[in-house]
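Chain and residue survey
Chain by chain, the residues:
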Amino acid sequence: MKQSIKTPSYAIPQDTGCGLADMIREPAARHAGLSGFYIFRTGGESLEGRLFLIRSAEKTLDLQYYAISEGISSNVLIEALIRAAERGVRVRLMIDDVTTGQMRHDLITLDEIPNIEIRIFNPVNKHDQSTPARILAALLHRERATRRMHNKALIADNQMAIVGGRNLGDEYFETHKEMSFKDIDVLSAGPIAADISRSFDEFWNDDHAYPVLQLYKERRGHKALQDIRTRLRSNWQKFSKRFRDGKSHGTVTRIEGKEIVENFVWADADLVTDASAKVQGAQNFSPPLLRLKEIVDRAKEKFIIVSAYFVPRERGVAWLSSLSARGVRVKILTNSLASTDVVAVHTGYGKHRIPLLDQGVSIYELKPHGDKRTRQRLLARKAPSYASLHAKAYIVDREYAVIGSFNFDPRSAYLNTELGLFIKSPELARQLYGMFEEAATPEVSYKLGLSPGNRLIWTTRDDGPEIRYVTEPQASPWRVLQAFLISLLPVEGQL
């Protein structure tokens, strides 16, 4: 039986021979020193890409996520991880503590499987406690409890990695063809994979990463594992039926056939991350956002922000306004009040819309998708709503595509740890901009403007002529009241 003793471990050398290394060897040799990238446009494509990496791994699999929730997609991924472990692959899974509650027993059971090790990052409680004791501990350690590991990465054999905005759960992998930016991540290969692995190792070996069995002393045993495997296999069969019924996105086939590898965009790229020590309050700034500002300050044409949670504060408004004043076209896509799943965040953003519009900044707010109701979350806990935008991406001129986990808000800047891929590639910048333009169409988003009286106007279109709103469109009276009441509280720095 496994012990709760924590021992350091690290990524394997990138020159270790394996199938994934063989797959990219020839194109990597033609693009010496560069890394390869392929943007996943939909959740289904992204899920299949993850399954391919897990299935193809021969040595190691490293997964780092803010959230994991129960559902078919997470069940399928976990089943794939177990099968990888059974064929001898070392699996390291690290999850932030804030969302592990509903999956606690599963994580304990899975951790007992040979070759699988699970660590929980920055737990507020270091041992089993009752619910009242847990709440009290969170209140007593509020400063640390609000600092979370928000990074997202999956790395296979230190050769290929997927990073971006998606966590593990059905909400992150639902596919809407007309809404490419619901979430976004990118398949990466080459030297950048080693950088992602080094970042993972830093968090994995941090003092605030606790083995599951160090936190929870209970043992689940063989019966619990059998029950979990029965559930996992059932969902695996449901998912596999999609392939048999021809509903696959073809991602696995296209990677195995090297179609995606042959379509990699090879470019210079940097991984910019927060230090793991940020959760201790040792870092009160954001390297990803500072790097973004450094690049944008040299922009000549355009700066595109796609941020599910956009809270610029007064300093951000002044900066974006200064860019617009010198001729840089600034465009922003974020959630509307009707589509956001965190009304508190919208209150921190809403009051800055008129000043931004007045300075020539373009703002687009995502409409709720279809008839789905946007579920409310408390301060971004749990998984996002199906109806909400969750992507984080930035485009600078026709030169940089930036994809990562960081929103344009105080929480990403000062509280959470984040990562971002800064890819210097006109081709990827072009692809991202095309996706932005699709999401900013009047059928998908509201375009904001100002009336002669300097009041907000939302313009959109469904199947007919243009429609204009003078109040928050599609937002219920209760949601509008919530936003007003929260706006009276001094919480903007926590959003």
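Structure: see above.
Residues numbered from 1 in each chain as written. Predicted model: local features only at pLDDT ≥ 70, side-chain atom pairs only at ≥ 80, totals over all residues. Heavy atoms only, no water.

A large share of strand E10 (residues 302–307) lies buried, amounting to six of its six residues. Taking every second residue as pointing to the same face, both faces of E10 are buried, with Lys302, Ile304 and Val306 on one and Phe303, Ile305 and Ser307 on the other. The parallel pair E10 and strand E11 (residues 329–335), bridged by helix H14 (residues 313–325), forms a crossover whose chirality is right-handed. Two elements, E10 and strand E13 (residues 392–396), share five bridges in a ladder whose sense is antiparallel. Its bridge partner lying in E13, Phe303 is registered against Val396. (Buried < 20%, exposed > 50% of the residue type's maximum accessible area, 1.4 Å probe, protein only. Helix = DSSP H or I, 4+ residues; strand = E, 2+ residues; numbered from the N terminus. Right-handed = clockwise from strand over helix to strand, strands pointing away. Pairing = 2+ DSSP bridges.)

Once that is clear, we can look at the packing of helix H2 (residues 43–56) against helix H3 (residues 72–86). Each packed pair of helices is defined by two parameters, the angle between the axes and the distance between the axes. One way to put it is that H2 packs onto H3 with a least axis distance of 9 Å and a crossing angle of 10 degrees. Of the possible angle classes, the one that applies to H2 and H3 is roughly parallel. Two secondary-structure elements touch here, H2 through Leu47, Arg50, Leu51 and Ile54 and H3 through Ser73, Val76, Leu77, Ala80, Leu81 and Ala84. In terms of residue class, the contact of H2 with H3 is built from eight nonpolar, one polar and one charged. (Axes fitted to C-alpha atoms, helices over the stretch in contact; angles between N-to-C directions. Parallel < 35°, antiparallel > 145°, perpendicular 65-115°, else oblique. Contact = heavy atoms within 4.5 Å. Nonpolar A, V, L, I, M, F, W, Y, C, P; charged D, E, K, R; others polar.)

Moving on: the packing of helix H15 (residues 343–350) against helix H19 (residues 477–487). Two elements in contact, H15 and H19, have axes whose closest approach is 9 Å; the angle formed by their N-to-C orientations is 65 degrees. In terms of orientation, H15 and H19 fall into the roughly perpendicular class. The element H15 and its partner H19 pack so that their crossing is right-handed. Residues Val343, Ala344 and Thr347 of H15 form the contact with H19, whose participating residues are Arg479, Gln482, Ala483, Ile486 and Ser487. (Left-handed = near helix turned anticlockwise from the far one by under 90°.)

Taking 1.5 Å as the rise per residue, helix H8 (residues 191–204) with 14 residues should run 20 Å; its terminal C-alpha atoms sit 20 Å apart, in good agreement. Taken across its 14 residues, H8 has 10 buried, putting it largely inside the fold. Listed in full, the buried residues belonging to H8 are Ile192, Ala193, Ala194, Ile196, Ser197, Ser199, Phe200, Asp201, Phe203 and Trp204. (Expected span 1.5 Å × (residues − 1).)

Our next topic: the packing of aromatic side chains. The description of an aromatic ring pair uses the distance of the two centres, along with the angle that the planes make with each other. All chains considered together, the criterion is met by 13 aromatic pairs. Ring geometry for Phe310 versus Tyr349: centroids 5.8 Å apart, planes at 70 degrees, classification edge-to-face. Of this pair, Phe310 sits in the loop between E10 and H14 while Tyr349 is found in helix H15, placing the two residues 39 residues apart along the sequence. When its relative accessible area of 2% is taken as the criterion, Tyr349 is described as buried. One aromatic cluster is present, formed by Phe303, Phe310, Trp319, Tyr349 and Phe408 through successive ring pairs. Note that Arg83 overlies the ring of Trp236, its terminal NZ or CZ placed 4.3 Å from the centroid. (Phe/Tyr/Trp six-rings, centres within 6.5 Å; stacked < 30°, edge-to-face > 60°. Lys NZ or Arg CZ within 6 Å of the ring centre and 35° of its normal.)

One can find Asn167 in the loop between strand E6 (160–164) and helix H7 (170–173). Among the residues examined, Asn167 registers a relative accessible area of 1% and is labelled buried. Within polar-contact distance, the side chain of Asn167 engages the backbone nitrogen of Tyr66 at 3.2 Å. In terms of polar contacts, Asn167 uses its side chain to reach the backbone amide nitrogen of Ala67, at 3.1 Å. (Polar contact = N/O pair within 3.5 Å; in protein donor to acceptor, adjacent residues only side chain to side chain.)

Within soluble globular proteins, side chains that are nonpolar tend to cluster in buried spots. Of all hydrophobic cores here, the largest spans 60 residues; its most connected members are Leu53, Leu61, Met160, Leu187 and Phe264. The dominant element in this core, judged by the number of residues it contributes, is H3, at eight residues. Discounting residues that sit within four places of it in the chain, Met160 has contacts with Leu20, Met23, Ile24, Leu53, Leu154, Ile155, Leu187, Ser188, Ala189, Ala193 and Val261. Phe121, Val265, Leu333 and Leu428 belong to the second-largest nonpolar core, a separate cluster that totals 45 residues. (Core = buried A, V, L, I, M, F, W, Y, C linked by side-chain atoms within 4.5 Å.)

The next thing to look at is the pattern of salt bridges. Applying the stated criterion to the full structure yields 28 salt bridges. For Glu70, the salt bridge goes to Arg231, with nearest N and O atoms at 3.5 Å. Placement of Glu70 in the loop between strand E2 (60–65) and H3 and of Arg231 in helix H10 (residues 221–244) is noted, with a sequence separation of 161 residues between them. Its relative accessible area of 33% is what places Glu70 among the partly exposed residues. You can call Arg231 partly exposed: its relative accessible area is 30%. Ionic pairing is found between Lys367 and Asp462, a salt bridge with its closest N-O pair at 3.0 Å. Remark: Asp462 occurs in the loop between strand E17 (456–461) and strand E18 (466–469) and Lys367 occurs in the loop between strand E12 (362–366) and E13; sequence separation between them is 95 residues. (Salt bridge = Lys/Arg side-chain N within 4 Å of Asp/Glu carboxyl O.)

The next point concerns H2. The end-to-end C-alpha distance of H2, which contains 14 residues, comes to 20 Å, matching closely the 20 Å that a straight helix rising 1.5 Å per residue would cover. Burial analysis of H2 places 13 of its 14 residues in the buried class, the great majority of the element.

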